[in-house]
Amino acid sequence: MYPPPPPAPHRDFISVTLSLGQSYDGSKSWRRRSCWRKWKQLSRLQRNVILFFLTFLVLCGLLSYISVADQWRAVDGRSAEERKARPADPPVLPAPQKADANPENSPGLLPQKPQRHFRRGPPNLQIRAPDKDSKDRRQDDTRRRDEVVGDARQEDSTQRTVVSWRGAVIEPEQGTEPPSRKAEGPPTKPSSQAPGIQNQPASPNERQRAVIDAFRHAWTGYRKFAWGHDELKPVSRSFSEWFGLGLTLIDALDTMWILGLKKEFEEARKWVSKKLRFQKDVDVNLFESTIRILGGLLSAYHLSGDDLFLRKAEDFGNRLLPAFQTPSRIPYSDVNIGTGAAHPPRWTSDSTVAEVTSIQLEFRELSRLTGSKKFQEAAEEVTRRVHSLSGKKDGLVPMFINTHSGLFTHMGVFTLGARADSYYEYLLKQWIQGGKKETQLLEDYLEAVEGIKRHLLRRSEPRKLTFVGELAHGRFSAKMDHLVCFLPGTLALGAHHGLPADHMELARALMDTCYQMNRQMETGLSPEIVHFNLYPQSDRKDVQVKPADRHNLLRPETVESLFYLHRLTGERKYQDWGWEILQSFNKYTRVPSGGYSSISNVQDPLNPQPRDKMESFFLGETLKYLYLLFSDDPALLSLDAYVFNTEAHPLPIWAPPRVG
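Analysis parameters
Residues numbered from 1 in each chain as written. Predicted model: local features only at pLDDT ≥ 70, side-chain atom pairs only at ≥ 80, totals over all residues. Heavy atoms only, no water. Helix = DSSP H or I, 4+ residues; strand = E, 2+ residues; numbered from the N terminus. Contact = heavy atoms within 4.5 Å. Areas by Shrake-Rupley, 256 points an atom, 1.4 Å probe, with all protein chains shown as cover. Pairing = 2+ DSSP bridges. Buried < 20%, exposed > 50% of the residue type's maximum accessible area, 1.4 Å probe, protein only. Axes fitted to C-alpha atoms, helices over the stretch in contact; angles between N-to-C directions. Parallel < 35°, antiparallel > 145°, perpendicular 65-115°, else oblique. Left-handed = near helix turned anticlockwise from the far one by under 90°. Nonpolar A, V, L, I, M, F, W, Y, C, P; charged D, E, K, R; others polar. UniProt positions renumbered as here; feature names shortened; annotations may be inferred. Phe/Tyr/Trp six-rings, centres within 6.5 Å; stacked < 30°, edge-to-face > 60°. Core = buried A, V, L, I, M, F, W, Y, C linked by side-chain atoms within 4.5 Å. Salt bridge = Lys/Arg side-chain N within 4 Å of Asp/Glu carboxyl O.

Peer 1: What's the story with the overall build of the protein chain in this structure? I'm lost.
Peer 2: Within the protein chain, the secondary structure is distributed over 20 helices and 18 strands. Taking the contacts inside the protein chain whose residues are at least 6 apart along the sequence as the reference set, 73% of them involve residues at least 24 apart. Summed over its atoms, the accessible surface of the protein chain is roughly 29,500 Å², and 53% of this surface lies on carbon and sulfur atoms.

Peer 1: Please explain the sheet that holds strand 16 (residues 543-544) as it appears in this structure.
Peer 2: Pairing between the strands of a sheet comes from backbone hydrogen bonds, and it takes one of two forms, parallel or antiparallel. If you trace the three strands from one edge of the open sheet to the other, you get 14-15-16, paired in antiparallel fashion. Every other strand in the sheet has two partners, leaving strand 14 (479-481) and strand 16 as the edge strands with one partner each. In the sheet, strand 15 (residues 529-532) pairs with strand 16 via two bridges, with the strands oriented antiparallel. Within strand 16, the residue paired with F532 across the bridge is V543.

Peer 1: Just to check I follow, could you spell out the pairing of strand 15 for this structure?
Peer 2: Look at any regular strand and the pattern is simple: side chains alternate between the two faces of the sheet. Neither face of strand 15 is exposed, since I529 and H531 on one face and V530 and F532 on the opposite face are all buried. Summarising the sheet, strand 14 and strand 15 pair through three bridges and their orientation is antiparallel. When the sheet's bridge partners are listed, M480 is paired in strand 15 with V530.

Peer 1: What am I meant to see in the packing of helix 16 (residues 487-496) against helix 18 (residues 557-569) here?
Peer 2: Two measures define how a pair of helices packs: the angle their axes make with one another and the distance between the axes. Across the interface, helix 16 lies against helix 18 with an axial gap of 7 Å and an inter-helix angle of 30°. When the axes of helix 16 and helix 18 are compared, the pair comes out roughly parallel. In this structure, helix 16 meets helix 18 at a crossing whose hand is left-handed. Residues L487, P488, G489, A492, L493 and H496 of helix 16 lie in contact with helix 18, whose contacting residues are S561, Y564, L565 and L568. Looking at the contact of helix 16 with helix 18 residue by residue, the classes come out as seven nonpolar, three polar and no charged.

Peer 1: Is there a simple way to explain the UniProt feature "active site" (unreviewed entry) in the protein chain in this structure?
Peer 2: Taken from the UniProt record, the annotation "active site" (unreviewed entry) applies to E288, D421, E528 and E557. Tracing the backbone through its elements, the reader meets E288 in helix 9 (residues 286-304). A relative accessible area of 15% places E288 in the buried class. Mapping E528 onto the fold places it in the loop between helix 17 (502-519) and strand 15.

Peer 1: Looking at this structure, I do not really get the packing of aromatic side chains. What am I missing?
Peer 2: Aromatic ring pairs: the centre-centre distance and the angle between the two ring planes describe each pair. Within this structure, the stated rule accounts for 22 aromatic pairs. Here the aromatic rings of F563 and F644 are separated by 5.9 Å at their centres, their planes lie at 75°, and the arrangement is edge-to-face. Note that F563 is positioned in helix 18 and F644 in strand 17 (residues 642-644), a separation of 81 residues in sequence. Side by side, F563 and F644 carry an identical accessibility label, which is buried.

Peer 1: Even after reading the chapter, I still don't get the nonpolar core, so can you show me in this structure?
Peer 2: Generally speaking, soluble globular proteins have nonpolar side chains that are buried together. Of all hydrophobic cores here, the largest spans 157 residues; its most connected members are W219, L249, L253, F363 and L416. Examining the composition of this core, we find that ten residues originate from one element, helix 9, more than from any other. Each residue touching W219, except ones within four places of it in the same chain, is listed here: W227, L249, A252, M256, E264, E267, A268 and L619.

Peer 1: Is there a simple way to think about the sheet that holds strand 9 (residues 413-414) in this case?
Peer 2: Pairing is antiparallel in the open sheet, where three strands are placed in the order 9-12-13. One side of each edge strand has no neighbouring strand; the edge strands of this open sheet are strand 9 and strand 13 (475-477).

Peer 1: For this particular structure, what's the right way to read the pattern of salt bridges?
Peer 2: Opposite charge on two side chains permits them to pair, given that their charged atoms come into close proximity. Throughout the structure, instances matching the rule amount to 29 salt bridges. A salt bridge links E267 to R223; the shortest N-O distance between them is 3.0 Å. One end of the pair, E267, is in helix 8 (residues 262-275); the other, R223, is in helix 5 (residues 206-225), with 44 residues separating them in the sequence. A residue is classified by how much of its surface remains accessible, and E267, at 4% relative accessible area, is buried. Take R223: its relative accessible area is 22%, and that puts it in the partly exposed class. The shortest N-O distance in the salt bridge between R508 and E571 comes to 2.5 Å. Here R508 is found in helix 17, whereas its partner E571 is found in the loop between helix 18 and helix 19 (572-588), with 63 residues between them in sequence. Here R508 falls in the partly exposed class, since its relative accessible area comes to 30%. If you follow the salt bridges from partner to partner, you end up with R207, R572 and D576 in one network.

Next comes the structure, spelled out in structure tokens:
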């Protein structure tokens, strides 16, 4: 007999029937009971999985909502409280008249009634825009607010580009729209406390008209071949990008206003309104973007009174703040303005001292205008920490500082050239900006000037030119960057504001040297770096140039100091020297199709070797200082009312509030 077969294994089945049609009896209650029955028939595991999935979807939705809300708040750039706290109108220069206008037809620049909406400039400097523009601007207020919201929507879809600030030239697609020829241009005027703009401004003189011609030629090339991009490549008639933010255009806004180029200013303003977007995945250098973009927008706002520029400045300032989030509060060199990720250069964790100490004028002014202290606090914390550091030599500072430890690195090397120069400039200018109240800044500046005299000052042979060299571990080098030619102007400015008279004497001597750095070159243009002869018996000239240093980048430092020296002494020779330099720029760097090009060899007038690049500072600084140098009116951007940042963007000096 065979044994009985084993019993079949017991199996449980779950049957789920989904009905896509109507219920059998058409009743809603039946459908509810059917769904509940089907839910109960699911296993516990299946129900848990479904519940987990639904919970996950809800959480994702909440997080997405929070993220979108944050982006909208960032685009708006300020809270309701900050709007209430925002102070009154800035000082404004008169609306630019056309460069070739007849002065008899120029509108008067008498003070007008104040506007309905106030923003804060230095007290006693609040002037209304000309009446002819005020109506248009009131009509545009609503439209401009809508543009900000529209900007935010378009920013999210902006194509991502990664551009390194360290010199990598990226050629974007040639797709930028050409400029429109229409825009709204506002008003303005400077200090009533200091000498103000004359009531009936004189038309440009012959030399100023030459500067206007040079600017228009440069602008023509930029407008044709690089509109909306960072820099013009005039020889190849193309462009290069650094940050992808229209660097040349923003750097030149206040120059156009000062030169009276209203048409050019208006089309540039329209580009800023319609095309300038900061929501993009790109690294910017904190220092360069602060002095050029933030400084340019703030200056354009002060000169024109146009609120568009302040809104853009505040948005950009907020995007730069993550750079300060370091263990030491010394900011990183780079920050991504789209993601907020900040970092040092790839090869080091150090920042340069000049970069972290030359952003204070702009961040302090942004706080004063917006009522938000975070910008000023971040920048001034850097100043306080650098003030207290050891490693200085009689007020002279090393070139590098570590963002983690907050300490100087590469000790024992002292220069007034690259990586340290504007540290000294901003000590003085912050003191002036703040109404000469911050004695710590003044003390650091005065100590540094004495350190320069003691350790870095020498005289060349055979002409006994006074120059500023470098010190490396106790060893002196007779090397001087063209960048150091900012120093005569800074010393003269300090003397004008009550500092020792021997500062002006040193300024005069160094100004002669900087002029010779240009004059002794065959093209009349200074090289990037020179070395001075210290040996009296040699047959060499005072100024020596090495092959790797003989390029000229269209830098402004010599004409910057010529402006200060002429403005503060009245001596015509400084204007004549500047005229020679302008003629050399026109002869050796002007490109026929439009624009000016840096050159590789200042010692070869037959073949200066164009480098095919027009730096933004040629329009932002060099031509602006030349125009101001050739003016005989000390009230045009009075040095008692304005302080220029290191990119030549004028910002108002803070006057004490009126009493009573």
